[in-house]
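Below, each chain spelled out in residue letters.
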Amino acid sequence: MVCRDGPAPAGRRLNSASLDAAREYLAHARRVAVLTGAGNSAESGIPTFRDATSGLWAKFDPMQLASEDGFRADPPLVWRWYAWRRGLVANAQPNAGHHALASAQSHFDSFELITQNVDGLHTRAGSAPIELHGSILRTVCLARCGFSQGDPVSLPPGEPPRCPQCNDWLRPDVVWFGEMLDGATLQRAQAAARCDLMLVIGTSGLVYPAAGLPAEALRRGAKVIIVNPQASDLDELATIVLRGTAAVELPRLFAATDAVPSH
Ligand code: OAD
């Protein structure tokens with residue numbers, strides 16, 4: 001996973017017809033793909049990464065907390081940070097945006113949800129997402145001996161446990177900076193990007209390869225609709241940008257298909 005830093009381009013000027021136009025595209029789409037980022041969970045109280053004041057990377061050093069070198073330098077520090085984030089997630093609820101996506105899935109020939117989020121909120125809302133960056137609810141062996149555990153409740157908060165198979169540290173099953181995404185998972189996401197319409201929700205579009213999926217969809221003829229209250233690096237690809245939040249815009253967007261109840 002690599003991050004392309006830099007200022008987002010100025011937002012495209014939008015008009016009030018955008019929502020109607022987006023609904024029209026949705027009404028005619030058969031194969032829909034959705035790419036979500038941290039903004040999709042913001043209204044559940046989960047902080048994003050790069051929002052200027054509230055984002056996690058404004059307060060914490062990603063190389064210390066989200067890289068293998070950082071973990072090896074201080075395993076308890078990194079473990080405690082993930083324990084804190086697991087606590088945030090445990091106390092959060094899926095928001096209206098998660099629910100709108102979960103309700104929408106059965107109304108299209110194909111509806112694939114690809115998420116960069118590691119918080120499990122899409123699953124709790126009833127979706128079956130392709131989790132590109134893993135899950136903080138799962139733990140794996142640092143040495144990749146094959147051990148994996150999915151029960152976050154039993155994890156100690158202070159010090160990372162040892163792998164019961166090989167005695168190396170256990171670590172969260174997330175993709176850290178400098179690491180490759182799981183190949184099969186990325187392939188599933190790339191296959192999903194062969195769609196008629198891709199919705200891109202709440203992502204800054206700075207972290208690759210996830211951020212490359214909308215361009216891939218566009219190249220194959222898909223329309224791209226962005227939902228984000230701020231300008232993002234992907235705006236220039238968009239057919240339509242809905243300049244609002246996920247929990248507000250997604251129920252509105254899907255309500256008009258008469259397929260999805262407004263939450
Ligand atoms: P970022 O924090 O980079 O971007 C969050 C985006 O959400 C920004 O564009 C915001 O404008 C937007 N946003 C904020 N509130 C929103 C809301 N209520 N509704 C919709 N959008 C909103 O998060 P990501 O793009 O997801 O990796 O970051 C990508 C990856 O970088 C993450 O998966 C994470 C991080 O390092 C890992 O932890 C593995």
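Procedures and definitions
- For every chain, the first residue of the written sequence is number 1, and numbering continues from 1 along that sequence.
- In view of the model being predicted, local features appear only for residues whose pLDDT reaches at least 70, and side-chain atom pairs are presented and counted only at 80 or more, with totals across whole chains, interfaces and linings using the full set of residues.
- Note that the side-chain values use all heavy atoms of the structure and ignore hydrogens as well as water.
- Axis lines are fitted to C-alpha atoms, over the contacting stretch for helices. Their N-to-C directions set the angle, which ranges from 0 to 180 degrees.
- Numbering of helices and strands starts at the N terminus; helices are DSSP runs of H or I of at least 4 residues and strands are runs of E of at least 2.
- Our angle categories are set so that under 35 degrees counts as roughly parallel, over 145 as roughly antiparallel, 65 to 115 as roughly perpendicular, and the remainder as oblique.
- Handedness of a crossing is defined here by the sense of rotation of the near helix relative to the far one, left-handed for an anticlockwise turn of less than a right angle and right-handed for a clockwise turn.
- What makes two residues a contact is simply this: any of their non-hydrogen atoms within 4.5 Å.
- Classes in brief: Ala, Val, Leu, Ile, Met, Phe, Trp, Tyr, Cys and Pro nonpolar; Asp, Glu, Lys and Arg charged; the others, Gly included, polar.
- In this document the domain limits rely on a domain assignment from an automatic tool or a database.
- The term buried area refers to how much accessible surface (probe radius 1.4 Å) is lost by two components on association, counted for both of them together.
- When a carboxyl oxygen of Asp or Glu lies within 4 Å of a side-chain nitrogen of Lys or Arg, that pair is called a salt bridge.
- Within 3.5 Å is the distance limit for a polar contact, defined as a pair of N or O atoms, with the added protein rule that one can donate a hydrogen and the other accept it, and that residues adjacent in sequence qualify only through two side-chain atoms.
- Exposure categories follow from relative accessible area, calculated using a 1.4 Å probe and restricted to protein chains: below 20% of the type maximum is buried, above 50% is exposed, and the middle band is partly exposed.
- Two strands pair if DSSP finds at least two bridges between them.
- Proximity criterion: a residue is near a molecule or strand once any of its heavy atoms comes within 4 Å of it.
- Each accessible area value is a Shrake-Rupley result obtained with a 1.4 Å probe; residue values ignore everything except the protein chains displayed when judging cover.

Chemist: Looking at this model, I keep getting lost on the packing of helix α7 (residues 96-104) against helix α11 (residues 246-255). Mind explaining?
Modeler: Two quantities define a packed helix pair, namely the angle between the helix axes and the distance between the axes. The interhelical angle for the contact between α7 and α11, taken along N-to-C directions, is 30°, at an axis separation of 7 Å. It follows from the interaxial angle that α7 and α11 lie roughly parallel. Remark: the crossing between α7 and α11 carries left-handed chirality. Mapping the contact onto sequence places Ala-96, Gly-97, Ala-100, Leu-101 and Ala-104 in α7 and Ala-246, Ala-247, Leu-250, Pro-251 and Phe-254 in α11. When grouped by side-chain class, the residues that make up the contact of α7 with α11 number nine nonpolar, one polar and no charged.

Chemist: Explanation requested: the domain arrangement of the protein chain in the structure shown.
Modeler: Think of interface size as the accessible area that goes away when the parts come together; that is how it is often given. Domain parsing of the protein chain yields domain 1 (1-46 + 94-133 + 181-263) and domain 2 (51-91 + 134-174). At the junction of the two partners, domain 1 supplies nine residues and domain 2 supplies 11 residues. Taken together, both faces of the contact between domain 1 and domain 2 bury some 730 Å²; the carbon and sulfur share is 51%. Applying the counting rule to domain 1 against domain 2 returns one salt bridge. Between Glu-131 and Arg-138 there is a salt bridge; the shortest N-O distance is 3.7 Å. Our count for the domain 1 to domain 2 interface comes out at three residue pairs in polar contact (both at pLDDT 80 or more). Partitioned by chemical class, the residues of the side of domain 1 that touches domain 2 number three nonpolar, three polar and three charged.

Chemist: Please clarify how the side chain of His-122 should be interpreted in this entry.
Modeler: Among the structural elements, His-122 can be located in helix α8 (residues 121-125). Residue classification places His-122 among the buried residues on the basis of a relative accessible area of 2%. With residues up to four places along the chain from it excluded, the contact list for His-122 reads Thr-36, Asn-40, His-98, Leu-101, Leu-113, Thr-115, Ser-127 and Pro-129.

Chemist: Quick question: what am I supposed to make of the pattern of salt bridges here?
Modeler: Think of it this way: side chains of opposite charge can pair up when their charged atoms draw near. The final tally for this structure, using the stated rule, is nine salt bridges. Among the ionic pairs, Glu-179 bridges to Arg-171, the shortest N-O distance being 2.7 Å. Summarising the burial analysis for this pair, Glu-179 and Arg-171 share the class buried. Here the salt bridges do not stand alone but share partners, grouping Glu-131, Arg-138 and Asp-173 into one network.

Chemist: Which parts of the structure should I look at to understand the pairing of strand β3 (residues 110-115)?
Modeler: Within a regular beta strand, the side chains point alternately toward one face of the sheet and then the other, so they alternate between its two faces. Sheet analysis places strand β2 (residues 31-36) next to β3, joined by six bridges and oriented parallel. Within the sheet, the bridge partner assigned to Val-32 lies in β3 and is Phe-111. Sheet topology note: the β3/strand β4 (residues 130-131) ladder contains two bridges and is parallel. If you follow Ile-114 over to β4, its bridge partner there is Ile-130.

Chemist: When you look at the site of the ligand in this model, what are you seeing that I'm missing?
Modeler: Inspection of the region around the ligand gives 24 residues, with Phe-49, Arg-50, Thr-203, Ser-204 and Asn-228 positioned closest. For the ligand, an oxygen atom lies 2.7 Å from a polar atom in the backbone of Phe-49. Within the side chain of His-133, an N or O atom sits 2.8 Å from an oxygen atom of the ligand. Contact with the protein chains removes 95% of the 800 Å² of surface that the ligand exposes when unbound. Considering only residue class, the shell around the ligand consists of 10 nonpolar, 11 polar and three charged.

Chemist: Is there a simple way to explain the pairing of strand β10 (residues 223-227) in this structure?
Modeler: Within β10, four of the five residues are buried, which leaves the element mostly enclosed by the surrounding structure. Pairing analysis gives five bridges linking strand β8 (residues 197-201) to β10, with the strands arranged parallel. Paired with Leu-199 across the two strands is Ile-225, which belongs to β10. Sheet topology places β10 next to strand β11 (residues 240-242); three bridges connect them, and they run parallel. For Val-227, the partnering residue across the bridge sits in β11 and is Leu-242.

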